[in-house]
Every structure is written in structure tokens, then in C-alpha cells.
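# Descriptive analysis of the structure
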There are 2 protein chains.
Amino acid sequence: MEENIEMVGKSFVDHFYHLFDNDRASLSSLYQPTSMLTFEGQKIQGVEDISAKLRQLPFDQSRHQISTIDSQPCSSTGGIVIFVSGSLQLPGEEHLLRFSQMFHLVPTLQGSFYVLNDIFRLNYG
Amino acid sequence: MEENIEMVGKSFVDHFYHLFDNDRASLSSLYQPTSMLTFEGQKIQGVEDISAKLRQLPFDQSRHQISTIDSQPCSSTGGIVIFVSGSLQLPGEEHLLRFSQMFHLVPTLQGSFYVLNDIFRLNYG
């Protein structure tokens, strides 16, 4: 079980940042109407507004490098919380931006997961 | 409701780090047998082992300064997820240690909250 949670967490994280870096519009498949995103303090709710926010970020290309992934089960919901740290390279930027992000995944009726809670912060040094 | 979540998140964060810095042993009141802590990648479960880990950290005094608090409700559980960034000063250390920490709070039968999920990471520059 423990090991399974780690695998689900890592699979989700790999999938999420792969989509983010290669096909950002398709991230909308991971959210639902009840989903929430807090992006650098800005609160956004629902799959449509979250998708719009992600599409409108002021860069076309990105490359995420993941440093750590910590996953835990939420016994009350069958969900998973995932805490990620890593760095983000943007086009034309020499420096990497360090970030931390947390996800709360909740099971869908179809046996998959969706993102209920998503909080993103850049780490300032 | 939105505003209330922010207030609960801020109150919890103030309370948590006040206890951490002033009476670390009493942090045990915030955890239950199902609680999980991942501390710099080390996984610990249950109020007793979590309390022991926190008591045994290799410093007697600490001072946390909070930079950001982002809180969201978890519609499925009545819980709250809280994402914190800040810095930590240890005795005899000139430099501040930057950290990020997330909490998933779940309601108790008594109308309060306990920490179900707690993940802590230092941010390396």
C-alpha cells in the first residue's frame, strides 16, 4: 500500500509536468468543476478557469525538473496528497526558478483520480 | 466561506509554529493515530512516533518566520489543505533555512481539526 501510494504519486507527477511542458491545454483533463488552484496566491476555481489560467501563463514553453516527490494517503477519502519540489526553466531565462507545489488527488467514479486542490509557489531565495 | 478558510488556515499556522518554537512537546495535541508526517523524505505515522520525531530534532530552540500561507477547502471531507512557505532560524546559525510545509487538516468530532497529513521540506537554493 505504502509503495503503491509512492508509485501513484510519481506517475501523476510525471504525467502532470509532461503535459505541462508538452501539451499544456490538455491539463484540463485533470481538473473538475470543484477543483481549486492557488497560483502564487491567486485563487482560481473550476476546470474552465483553471485551464484558462494555465493557458494564459506568460510563456509558451517550459521545462520542469523534479527534485523531490512526497506522497501520503488520505485515509478519509481514498485520496492522495503529493508535495513536489523542483525547478522550472523558461525560454530565454538562464536561471532556473525553484518551485514547490502540492496536489490533493481524489478518486473519480471511473477509478482514476482528479486534482481537487492544487497550490503552486515559486521559492524566493 | 472563502474568508473563513483563510482565517482557519492562518490561525492554525500561527498556533502550530508558536507551539513548535515555544513548547514543541505540545504539538502532539494536533495529531492522531492516523496522522502522517513526511519530514525531509522520512515517513512517520501516528501521534506517538510523530511526537518522538519532533522532540528529537537536533536543536532545542527554533524561530519560524512565515512568508506565505495558502489555504483551500477540501469539499469532500470538510477538511482544509494549507501550504506554508517561510524560514527557520536555529541557534548559532547565521543563515535562515527556507522551508515549505503542507498540512491537511480534518475535522474532529469535537468540532476542531487535527493534522492528517504533514509534509515538510527544506528548500535548497
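Residues numbered from 1 in each chain as written. Chains lettered and ligands numbered in written order. Predicted model: local features only at pLDDT ≥ 70, side-chain atom pairs only at ≥ 80, totals over all residues. Heavy atoms only, no water.

If you check an unreviewed UniProt entry, chain A appears there as NTF2 domain-containing protein from Dipteronia sinensis. Per UniProt, chain A carries the Subunit (unreviewed entry) text "Interacts with RAN1." (UniProt positions renumbered as here; feature names shortened; annotations may be inferred.)

### With respect to the side chain of Ser62 of chain B
Residue and element names in this part refer to chain B. Counting through the fold element by element, Ser62 comes out in the loop between α2 (47–55) and β3 (63–74). Ser62 gets classed as buried once you look at its relative accessible area, which sits at 10%. Among the polar contacts listed, one links the side chain of Ser62 to the side chain of Asp21, at a separation of 2.7 Å. Setting aside residues up to four positions removed in sequence, Ser62 forms contacts with Phe20, Asp21, Leu88, Gln89 and Leu90. (Helix = DSSP H or I, 4+ residues; strand = E, 2+ residues; numbered from the N terminus. Buried < 20%, exposed > 50% of the residue type's maximum accessible area, 1.4 Å probe, protein only. Polar contact = N/O pair within 3.5 Å; in protein donor to acceptor, adjacent residues only side chain to side chain. Contact = heavy atoms within 4.5 Å.)

### A short note on the sheet that holds β3 of chain B
Residues and elements named next belong to chain B. One open sheet holds the six strands; their spatial order is β2-β1-β6-β5-β4-β3, and the pairing between them is mixed. Each edge of the open sheet is held by one strand with a lone partner, namely β2 (42–45) and β3. Shown here is a sheet whose adjacent strand axes are inclined to one another by a mean of 15°, direction ignored. The pairing of β3 with strand β4 (residues 79–89) spans eleven bridges and is classified as antiparallel. What sits directly across from Ile69, in β4, is Val84. Contacting β1 (31–39) and β2, α2 runs over the sheet at an angle of about 45° to β1. (Pairing = 2+ DSSP bridges. Axes fitted to C-alpha atoms, helices over the stretch in contact; angles between N-to-C directions.)

### Here we look at the relation of the copies chain B and chain A
If you rotate chain B by 180° and push it 0.0 Å along the axis, it lands on chain A with an RMSD of 0.0 Å. This pairing of chains is accounted for by a two-fold axis. (Least-squares fit on C-alpha atoms with pLDDT ≥ 70 in both.)

### Section: the interface of chain B and chain A
Each partner contributes to the interface: chain B provides 32 residues, whereas chain A provides 32 residues. Summed over both sides, the interface of chain B with chain A buries roughly 2600 Å², with 57% coming from carbon and sulfur. Scanning the region where chain B abuts chain A turns up four salt bridges. Here Lys43 of chain B makes a salt bridge to Glu6 of chain A, at a shortest N to O gap of 2.4 Å. Counting across the chain B and chain A interface gives 15 residue pairs in polar contact (both at pLDDT 80 or more). Those elements that place two or more of their residues in the side of chain B that touches chain A are α1 (2–22), β1, β3, β4, β5 (97–107) and β6 (113–122) of chain B. The class makeup of the residues in the side of chain B that touches chain A is eleven nonpolar, 14 polar and seven charged. (Buried area = accessible area lost by both parts, 1.4 Å probe. Salt bridge = Lys/Arg side-chain N within 4 Å of Asp/Glu carboxyl O. Nonpolar A, V, L, I, M, F, W, Y, C, P; charged D, E, K, R; others polar.)

### Let's talk about the sheet that holds strand β3 (residues 63–74) of chain A
Residues and elements named next belong to chain A. Taken together, the six strands give an open sheet; going across it, the order is β2-β1-β6-β5-β4-β3, and neighbouring strands pair in mixed fashion. Each edge of the sheet is formed by a strand with only one pairing partner; in this case those strands are β2 (42–45) and β3. Neighbouring strand axes in the sheet, compared pairwise and without regard to direction, differ in orientation by 15° on average.

### Details of the pairing of β2 of chain A
Residues and elements named next belong to chain A. As judged from the four bridges shared by strand β1 (residues 31–39) and β2, these two strands associate in the antiparallel manner. Within the sheet, the bridge partner assigned to Thr38 lies in β2 and is Lys43. If you look at the hairpin formed by β1 and β2, you'll find two residues sitting between the two strands, and Glu40 has a positive phi there, around 50°.

### Brief notes about the pairing of β6 of chain B
All names here are of chain B. Burial analysis of β6 places nine of its ten residues in the buried class, which makes it a mostly covered element. With five bridges connecting them, β1 and β6 associate as parallel partners. Within β6, the residue paired with Tyr31 across the bridge is Val115. Note that β5 and β6 share nine bridges and pair antiparallel. Residue pairing across strands places Met102 opposite Ile119, the latter belonging to β6.

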